[in-house]
Amino acid sequence: MTTARGDQPQHDAGIDPLVCLREPTDPACDVFLTGTVFLDIIFTGLDSAPVRGTESWARGMGSSPGGVANMATALARLGLRTSLAAAFGDDHYGEYCWDALEQGEGIDLSLSRTVPGWHSPVTVSMAYEGERTMVSHGHEAPPVDAVGALPAYPPHARAAVASLAPGRDEEWVARAARGGAKVFADVGWDDTGRWDLAALGDLEHCEAFLPNAAEAMRYTRTDCPRAAARALADKVRYAVVTLGAEGAYAVDGATGETAEVPAIQVSALDPTGAGDVFVAGFVTGTLADWPLADRLAFAGLTAALSVQEFGGSLSAPTWDEIAAWWQQAQGHAMQDPQALRARYAFLERLLPAPARPWPLRRAVPTIGFRAVHP
């Protein structure tokens, strides 16, 4: 037996990036996604990796919904009407994650279900030296037909986000594309070592593909991430390759246009979920029909802001935080004000006047405290 819950409140993101494009006949959902929700427990402030046989103390710790919740939260905080289909455990972890997403973020969970007797998957993430190490635990998720989380046909939406895996084709991806949704996809590490692009069958249904540089080069058999992006642009409309500290590079396969944007220098606290936030930023810019370079810059900015905070989902920036950063960054000694104004001038027509100075107080990412939202 599975159970659903009531209607969720509408989350006020402060800005609707699609307000000028909306029509009465548009779908109620901007972005649909499905996947596994984890409870993330994050330790930060470790000087080095834990050593066997010793006890390590972290200077910081937080908890938040993780897994697909990272992407869903990032999309919702950028003002997109987000629908998530997922299974939730009937333990305290599952209840916390559901409430945090539905009540805290305004994410539509009408297609999600609580499954009695199934405990929530958990990931412990340890951040140190600019990287992270994760340990996860969880039992196999209930079958989709048993959970009832994913409908026979996904809801009518402007876009969908999918995570591709070699040899695994998901019918909902093709159905979403046939229904008019633009499908944005990322991909994980290929543990088989084959890196066969043909094994990513759902790629043919995608509008955009956003791998990192290592993944892109392996799949295209190239030794340069920019060459890899150009090769991938033969498969999808937008090929976007993230370059780590160098930023990101994108190619429009339809027009041949390219864009490259350097990364913003920030003091990283926790990189958990930064890739998901990057994808959410690119989805937002694409649905809003911004120029390719603006989409890429916005995606990089949102990802950079996210790594300065705890956790994956709760680190995703809001429009208020982006506005506060923009005001602060233009006079910051670590940034080149002229270069910033040239690259991020498009933000001026979007951002609200910052109500509070940077840095802003964030939600408390710990079970047991009530979150404080801007």
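Along each chain, the written sequence defines residue order, and numbers are assigned to residues from 1. Predicted model: local features are reported for residues with pLDDT of at least 70 only, side-chain atom pairs are reported and counted for 80 or more only, and whole-chain, interface and lining totals are derived from all residues. To get the side-chain values, all heavy atoms of the structure are used, and hydrogens and water are removed first.

**Focus: the confidence of the model for the protein chain**
The test is simple: Values of pLDDT, ranging from 0 to 100, describe the predictor's confidence in every residue of the model. Between two residues, a contact is recorded if the distance between any of their heavy atoms is within 4.5 Å.
Across the protein chain, the average pLDDT comes to 86, with 84% of residues at or above 70. Under a pLDDT of 50 for its full length, residues 6-11 has, in the predicted model, 15 contacts with residues more than four places off or in other chains.

**A closer look at the sheet that holds strand β9 (residues 157-164)**
To keep things clear, this is the line we draw: Paired strands, in this sense, are two strands between which DSSP finds at least two bridges. A run of H or I in DSSP counts as a helix once it spans at least four residues, and a run of E counts as a strand once it spans at least two, with each numbered from the N terminus.
Ordered by their spatial adjacency, eight strands build an open sheet running β4-β1-β9-β10-β11-β12-β13-β14, and the pairing between neighbours is mixed. Strand pairing shows two members of the sheet lacking a second neighbour, β4 (82-85) and β14 (258-261), which therefore form its edges. Two elements, strand β13 (residues 248-252) and β14, share four bridges in a ladder whose sense is antiparallel. The residue of β14 that forms the bridge with Ala248 is Val261.

**Things to note about the packing of helix α9 (residues 319-329) against helix α10 (residues 337-344)**
Geometry of a packed helix pair, given as the angle between the helix axes and the separation of the axes. Inclusion rule: Note on geometry: axes are lines fitted to C-alpha atoms, helical ones only across the stretch in contact, with angles between N-to-C directions running from 0 to 180 degrees. Throughout, the ten residues Ala, Val, Leu, Ile, Met, Phe, Trp, Tyr, Cys and Pro are labelled nonpolar, Asp, Glu, Lys and Arg are labelled charged, and all others, Gly among them, are labelled polar.
Where α9 meets α10, the closest approach of the two axes is 10 Å, and the angle between their N-to-C directions is 145°. On α10, the residues touching Trp325, Trp326 and Ala329 of α9 are Leu340, Arg341 and Tyr344. Within the contact of α9 with α10, the residues separate by chemical class into five nonpolar, no polar and one charged.

**Thoughts on the pattern of salt bridges**
So the rule is basically this: When a carboxyl oxygen of Asp or Glu lies within 4 Å of a side-chain nitrogen of Lys or Arg, that pair is called a salt bridge. Whether a residue is buried, partly exposed or exposed follows from its accessible area with a 1.4 Å probe, protein chains only, as a fraction of its type maximum: under 20%, in between, or over 50%, in that order.
Evaluated as defined, the whole model comprises 13 salt bridges. Note that Glu246 is salt-bridged to Arg226, the shortest N-O span being 3.5 Å. One end of the pair, Glu246, is in the loop between β12 (238-242) and β13; the other, Arg226, is in helix α6 (residues 225-232), and 20 residues separate them in sequence. Relative accessible area serves as the criterion here: at 21%, Arg226 is assigned to the partly exposed category. Among the charged side chains, a salt-bridge network with shared partners connects Asp16, Arg22, Asp26, Asp30 and Arg158.

**Focus: the side chain of Asp30**
Test applied: Contacts described as polar in this section are N or O atom pairs within 3.5 Å, which, within protein, must combine one atom able to donate a hydrogen with one able to accept it, while residues neighboring in sequence count only if both atoms come from side chains.
Position of Asp30 relative to the elements: it lies in strand β1 (residues 29-34). Side chain to side chain, Asp30 and Arg22 meet in a polar contact 2.8 Å long. Excluding residues that lie within four positions of it along the chain, Asp30 makes contacts with Leu18, Arg22, Gly79, Leu80, Arg81, Ala157, Arg158, Ala159 and Leu287.

**Thoughts on the environment of Pro211**
Within the element layout of this structure, Pro211 appears in the loop between β11 (208-209) and α5 (213-220). The buried category is assigned to Pro211, whose relative accessible area is 0%. Residues Pro211 and Val279, 68 residues apart in the sequence, show an inter-C-alpha distance of 9.9 Å. Setting aside residues no more than four positions away along its own chain, Pro211 makes contact with Val187, Ala216, Leu232, Val240, Val241 and Thr242.

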